[in-house]
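# Notes for the structure review
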Amino acid sequence: DDRDAHSLHAYFLRRGDFNAPIVYEVDRSRDGGSFSSRRVVAIQHGHQIFHMSASFQKPETGLDHQLSAPIVSPPESLPDHMTALRKRLDSRPPERRRVWEGERPWEFRLVQPVPDQPQPADSVRHVWCRVTQRCPDDPMLHRCLLAYLSDFQLLETALLPHGVSHFDGRLTIASIDHAMWFHRPVRIDDWLLYVLASPSAS
């Protein structure tokens, strides 16, 4: 309770089933003077579907710096990405439409618009994101929601140099692993600029 999550390293092993319970096994690996470490395994239908290492730290002061944010268009001047995406769903198969048609409690505003027809582009994107409803003042909740939102837009960025879309029926793409570091407190219900870069893919 007295330590904030400061990093996580997760692996997605199998597809989860929305209709079945998940058992979480937590290994309390270490509780030191400032840091705590945990390992978590998620089990469903008798199989591991996910595992993660997470580290927690007592709040402490120390050296602090960060790069300046890039100068980009403000979110208020950009269209909502999901609204624009839904306009292009008519040509998609029903099973793919179903994933994108529902209302979601977050929004993304892309600084670089997605063209109707994919074409090769630089593998860097700037995306404004936030949860649309005001959230309680619970730092852990904001970190959890940020971790969830951070998994969006990554695969699309890696596809940019190749001029293909995640809607391309020839591709099978999925998140296999994910890592995060939380350097400072954050509010996920305020606009955050997500800078994504894919320097290499193979």
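Up top you'll find the structure we're talking about.
Let me begin by describing the structure that accompanies this report. (Residues numbered from 1 in each chain as written. Predicted model: local features only at pLDDT ≥ 70, side-chain atom pairs only at ≥ 80, totals over all residues. Heavy atoms only, no water.)

### Some details on the overall build of the chain
Secondary structure summary: the chain contains 4 helices and 8 strands in total. When its helices and strands are written in sequence order, the chain yields β-β-β-β-α-α-β-β-α-α-β-β. Along the three orthogonal principal directions, the C-alpha set of the chain runs to about 55 × 45 × 35 Å. Put simply, 69% of the contacts in the chain that link residues at least 6 apart link residues at least 24 apart. For the chain, the exposed area adds up to about 13,900 Å²; of that, 55% sits on carbon and sulfur atoms. The average position of the 24 basic charges and that of the 26 acidic charges among the side chains of the chain differ by 3 Å. (Helix = DSSP H or I, 4+ residues; strand = E, 2+ residues; numbered from the N terminus. Contact = heavy atoms within 4.5 Å. Areas by Shrake-Rupley, 256 points an atom, 1.4 Å probe, with all protein chains shown as cover. Lys, Arg positive; Asp, Glu negative; His and termini not counted. Charge placed at Lys NZ, Arg CZ, Asp CG, Glu CD.)

### So, the packing of aromatic side chains
Summed over the entire model, instances satisfying the criterion amount to 5 aromatic pairs. Through a chain of ring-to-ring contacts, three or more aromatic side chains come together here, namely Trp106, Phe108, Tyr148 and Phe152. (Phe/Tyr/Trp six-rings, centres within 6.5 Å; stacked < 30°, edge-to-face > 60°.)

### So, the pattern of salt bridges
Across all of its chains, the model carries 11 salt bridges by this definition. Between Arg39 and Asp27 there is a salt bridge; the shortest N-O distance is 2.6 Å. Here Arg39 is found in strand 3 (residues 35-44), whereas its partner Asp27 is found in strand 2 (residues 23-31), with 12 residues between them in sequence. Looking at Arg39, the relative accessible area reads 47%, which means it is partly exposed. A salt bridge links Arg187 to Asp189, with the nearest nitrogen and oxygen atoms 2.9 Å apart. Since its relative accessible area comes to 7%, Asp189 is described here as buried. One connected set of salt bridges, linked through shared partners, spans Arg134, Asp137, Arg187, Asp189 and Asp190. (Salt bridge = Lys/Arg side-chain N within 4 Å of Asp/Glu carboxyl O. Buried < 20%, exposed > 50% of the residue type's maximum accessible area, 1.4 Å probe, protein only.)

### With respect to the pairing of strand 2
Counted residue by residue, strand 2 has 0 buried out of 9 residues, so it is predominantly exposed. In terms of strand pairing, strand 2 meets strand 3 through 8 bridges, oriented antiparallel. Each bridged residue has a counterpart across the sheet, and for Asp27 the counterpart in strand 3 is Arg39. A loop of 3 residues connects strand 2 with strand 3, the two strands running antiparallel in sequence. (Pairing = 2+ DSSP bridges.)

### A short note on the state of the cysteines
A complete count under the given rule lists 0 disulfides for this structure. Cysteine Cys129 is unpaired, with the sulfur of Cys135 as its nearest cysteine sulfur at 12 Å. The thiol sulfur of Cys144 is not disulfide-bonded, and the nearest other cysteine sulfur, from Cys135, lies at 11 Å. For Cys144, a relative accessible area of 47% puts it in the partly exposed group. (Disulfide = S-S within 2.5 Å.)

### Brief notes about the sheet that holds strand 8 (residues 192-197)
Within a sheet, neighbouring strands are paired by backbone hydrogen bonds and run either parallel or antiparallel to one another. With antiparallel pairing, the 3 strands of this open sheet are ordered in space as 5-6-8. Each having just a single partner strand, strand 5 (106-110) and strand 8 make up the two edges of the open sheet. Averaged over all pairs of adjacent strands, the angle between their axes in this sheet comes to 30°, without regard to strand direction. Both strand 5 and strand 6 (residues 124-131) contribute to a ladder of 5 bridges, which runs antiparallel. Directly across from Glu107, in strand 6, lies its bridge partner Arg130. (Axes fitted to C-alpha atoms, helices over the stretch in contact; angles between N-to-C directions.)

### Let's talk about the sheet that holds strand 3
Ordered by their spatial adjacency, 5 strands build an open sheet running 2-3-4-1-7, and the pairing between neighbours is antiparallel. Pairing within the sheet leaves two strands with one partner each, and these edge strands are strand 2 and strand 7 (177-181). On average, each strand axis in the sheet is inclined to that of its neighbour by 15°, with strand direction left out of account. Note that strand 1 (residues 4-12) and strand 7 share 5 bridges and pair antiparallel. The partner of His9 across the bridge, within strand 7, is Ala179.

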